[in-house]
Amino acid sequence: MNDNIIVELADLEMIDVNEAKFAPEKGGYLSLTYKGTEYGKVKLNRALPYRAPDEYICVSDKDGKEIGILRDLASLSEEQKKIVSDELDKLYYSPAVTRILSAKDRMGFMYFEVETTAGKREFAVRDASRNIKFIDPDRKTAVQIRDVDGNRYIIDDFMKLDSSSAKKIEAFLI
Amino acid sequence: MNREINTDDALYSVEYDIDSSDLLCSGRIILTKDHTLVLYADGKNLSKEEFRCDFNEIKELSISSHIGCASLEAEMKNGDSIRICRFTQSCLNQVSEFIKAANYYIETGELTEIHIESTVCPKCGKHYIVNTKICPHCSNKVSIVRKFFALGKNYIPAFAFSGLLVLITNVINLIIPQINRVLVDEYLFPASEGIEPWGDKNPVLMILILVLLMLLCYVAMRVINIIAARLRNATSANFVNSIRIKLYNKIQVLSMSSISRRTTGDLIKRLTEDTSVITDFIKSETVWIIEVGVVFVGVLVYFIATRPLLTLFVFIPVPLVVFAAARFWNFIHRRYEKQWRLSSAANGILHDIIKGIRVVKVFGTEKSEIAKFSEANRKLAETSQKNEQLWAILFPMLGFIVGVGEFLVLYFGAQSVLNGISPELGHSIIGKPLSLGEFTQIMSYIGFIYGPLRWLTSLPRSIANAVTSMAKLNEILYEDPDIKDKENALTPEIEGNISFVNATFGYKSYEPVLKNISLDIKKGEMVGLVGHSGVGKSTLINLIMRLYDLNSGKLLIDGVDIRDISKETLCLNIGTVFQETFLFAGSIYDNIIYAKPDATPEEVFSAAKIANAHEFIIRLPDAYNTVVGENGYSLSGGERQRIAIARAILRDPKILILDEATASLDTETESKIQEALQRLIKGRTTIAIAHRLSTLRHADRLIVLEKGKVAEQGTHEELLKNKGIYYNLVMAQRQTTKMASLKQ
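Residues numbered from 1 in each chain as written. Chains lettered and ligands numbered in written order. Predicted model: local features only at pLDDT ≥ 70, side-chain atom pairs only at ≥ 80, totals over all residues. Heavy atoms only, no water.

Caption draft 1: Representation of the environment of Lys 133 of chain A within the structure. Residue and element names in this part refer to chain A. Relative to the assigned elements, Lys 133 resides in strand 10 (residues 132-136). The partly exposed category is assigned to Lys 133, whose relative accessible area is 39%. Distance from Lys 133 to Gly 28, taken between C-alpha atoms, is 33 Å for residues 105 residues apart in sequence. Not counting chain neighbours up to four residues away, the residues in contact with Lys 133 comprise Ala 142, Val 143, Gln 144 and Leu 173. (Helix = DSSP H or I, 4+ residues; strand = E, 2+ residues; numbered from the N terminus. Buried < 20%, exposed > 50% of the residue type's maximum accessible area, 1.4 Å probe, protein only. Contact = heavy atoms within 4.5 Å.)

This is how it looks when you write it as structure tokens:
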């Protein structure tokens, strides 16, 4: 399939979507039936959370052993895709900031009041130039903000932000 | 059925903040007295119930952390698991305290106090700085400055005195134009008009007196200024020095957990940059503040008293100038900040490349590294060029606005003077015509005011910077160390018995690394810790060294709780050799004696001899005086390790900890060191960690850790017979060794 010797040696298990069936499980978890085996409480991890959040999803069993890698969510049926992305949404919480209402600098802490897709939120950012940044060279205009608690917020496209919001964080972005 | 629940009926009640439809909420998790676990998405009205279950059905609650959030999960008695709710990191502390208490309640039926250390300011609800009660949002500048200077009370009188001196020089400065005025009005002007109002006084003598008076003022000013500046420099240097020492001491006192929260760079920045920002502020800005204060008040009083109308001309542009300049500063400041960040990014790339130059050369990626650096530099150049252009346009404009007032006064003042000389010439709209002397006095006063105005506009910024630095320093200086000696800490003779009693510990309290461990290590025993990586071996020894405190349970040294023993006693009695040896810049001798500064040379040589280090050290050209560390003589891994061992044993510690002490060495060197260690461990409690199991073959007992618990214990032979985890580990290693030898 692949003539690269390295890929051959590593023998990555790329999940064959025709043999995989994800299903919600009792208690709010996700299960996977793959090649005839049923795995309960499977875990999903994005391999490239910034560059390609919907591709290369590692699926592992409840003990953390990798079952395989899901190449691309787009290759799943609509129904399967929804099940998997619902689970991903539960594991990766990063409300998208749609407007920045206020930004105040106090003793090296930036206090923000923002509107996000998940509602209004206030939070503080320490060391703003390190914690407000473009997330990946491949997604040039997506910005991530991390607050003092370790919560994450994303701005999907900085260029599309209204100008008063953009001005408030522009100076921190390099 | 949705029965009303009052929070008063709750055994425990904490917040959560993500509702079932992924939106942020302010929800409440409540465990009621009648054992119902119930969640409301709207915690204020206790409405929007999201979950309800019988608490008696729950076996254990736990948290699993995700990215940007975590979930509260329950393992039920019937074997099912349930994800109860999710919450952001902001609720993590609360919820983990809740599950600790709830699990304890399930286990024992006893209630415990939920101890949620408030991490938010009660005034504004915003975050405190971690481990302090400082709220950057609420703390006002005055209180920060006061708190900061409270650290150096002794220096305040000196500061106050130098301030007073500055005040005096400025008052003198205001007197000079007054003398000048007398000179002009009483002698020079009348003389030029051919009038002689001085009667029989000798005008030349009077002028001489006035000039001498002015000279005296100048000399006094300069002398006082020199004294004040010297005093100020000395005091601020001493003060900041004392802060630096306090800071350094504090960093040494703080526990590993609070040190590791910060980066090394961050701590060094606090020590160097923030302290120098403050020194500069004290040295220069405070002088300006006093100076401007005196000049403004003095001149204002003079104008109001003599020429109220003129005051208007002089002071009307002031607010305008201040406003314009403040806006200007804000604008330009942001841009310069960006430029500064770009420059530090470019520097960062440079650092990185030079540090990793070997990797770059090996992979032949010089070109792309050059491209990366030039791109960063190009951005920097672009931004700084733009900034300079902007500055070049805006700054002269600002200067012009500042000068407008001056021109107004010049125009109306000069007219008034003309009017005074001859009523047909010009109008004096400012009341009684000005004399020439008065006019020159006014012009010099205006110079006094407008000069510092430009500076005044940048004052808020530099105050803010200094206060920010002070706040950052306060943050460390006022941090409560979480591991500290009790007031009457004991200093017992340590024998080396170690016991863990139901000990639980995790670097994050909701993720225990060691779970409920009970373990006895007798004095003089050599114990080997075995287990997969990440199982908690190093954590266990970190606890014995008291780099961290247990979350629950006890750790006893000779039957005494480790928290009751003074840190110094503990340190004196524990010797440690790590896998990565850190040698300080200095001689080998300094590095060994580091453990016991009062050791005699004989003791140092003996320690080195026991550690099998003496022979190689003596063969070095500079022997024990060989300088090692950065920029020093480069020793091999084995040599460094043996120096570390010498350092560890110089103290003759009762407890010896070897954390992969020989892991990075080849087998021959290892056996040399092993031989050294064998001599050393006699009569000492030794705890050794090693992946290479052969290293531990001399151990009296092996302790196998698995999933945070003690899985197996016994001698090498006993454990092999058991055919458990240890057996498998040994077999796996033999396999690899065999493979390795086959390949050769």
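Caption draft 2: Molecular detail of the interface of chain B and chain A. At the junction of the two partners, chain B supplies 37 residues and chain A supplies 38 residues. Between chain B and chain A, the buried area comes to about 3500 Å², and carbon and sulfur atoms account for 53% of it. At the boundary of chain B and chain A, one finds three salt bridges. As a salt-bridge pair, Arg 121 of chain A and Asp 17 of chain B come within 3.4 Å of each other at their nearest N and O atoms. One can count 17 residue pairs in polar contact (both at pLDDT 80 or more) joining chain B with chain A. Elements supplying a minimum of two residues to the side of chain B that touches chain A: strand 1 (10-18), strand 6 (69-76), strand 7 (81-88), helix 2 (141-150), helix 8 (317-355) and helix 11 (436-477) of chain B. Here the side of chain B that touches chain A is built from residues that sort into 13 nonpolar, 11 polar and 13 charged. (Buried area = accessible area lost by both parts, 1.4 Å probe. Salt bridge = Lys/Arg side-chain N within 4 Å of Asp/Glu carboxyl O. Polar contact = N/O pair within 3.5 Å; in protein donor to acceptor, adjacent residues only side chain to side chain. Nonpolar A, V, L, I, M, F, W, Y, C, P; charged D, E, K, R; others polar.)

Caption draft 3: Spotlight on a nonpolar patch on the surface. Residue and element names in this part refer to chain B. Side chains of Leu 205, Leu 208, Ile 209, Leu 212, Leu 215, Val 219, Val 223 and Ile 227 sit close together on the surface and give an oily, nonpolar patch of about 690 Å² of accessible area. Mapped onto the elements, Leu 212 comes out in helix 4 (residues 203-253). By relative accessible area, Leu 212 is classed as partly exposed at 47%. (Patch = residues over 30% accessible without salt bridge, like charges linked within 9 Å, V, L, I, M, F, W, Y side chains within 5 Å. Areas by Shrake-Rupley, 256 points an atom, 1.4 Å probe, with all protein chains shown as cover.)

Caption draft 4: Summary view of the sheet that holds strand 7 (residues 97-106) of chain A. All names here are of chain A. Pairing is antiparallel in the open sheet, where three strands are placed in the order 7-8-9. Either end of the sheet is taken by a strand with one partner, and the two such strands are strand 7 and strand 9 (119-126). Going across the sheet, the axis of each strand differs from the next one's by a mean of 20°, ignoring polarity. Relative to strand 7, helix 4 (residues 163-170) is tilted by about 45°, and along the sheet it contacts strand 7 and strand 8 (109-116). (Pairing = 2+ DSSP bridges. Axes fitted to C-alpha atoms, helices over the stretch in contact; angles between N-to-C directions.)

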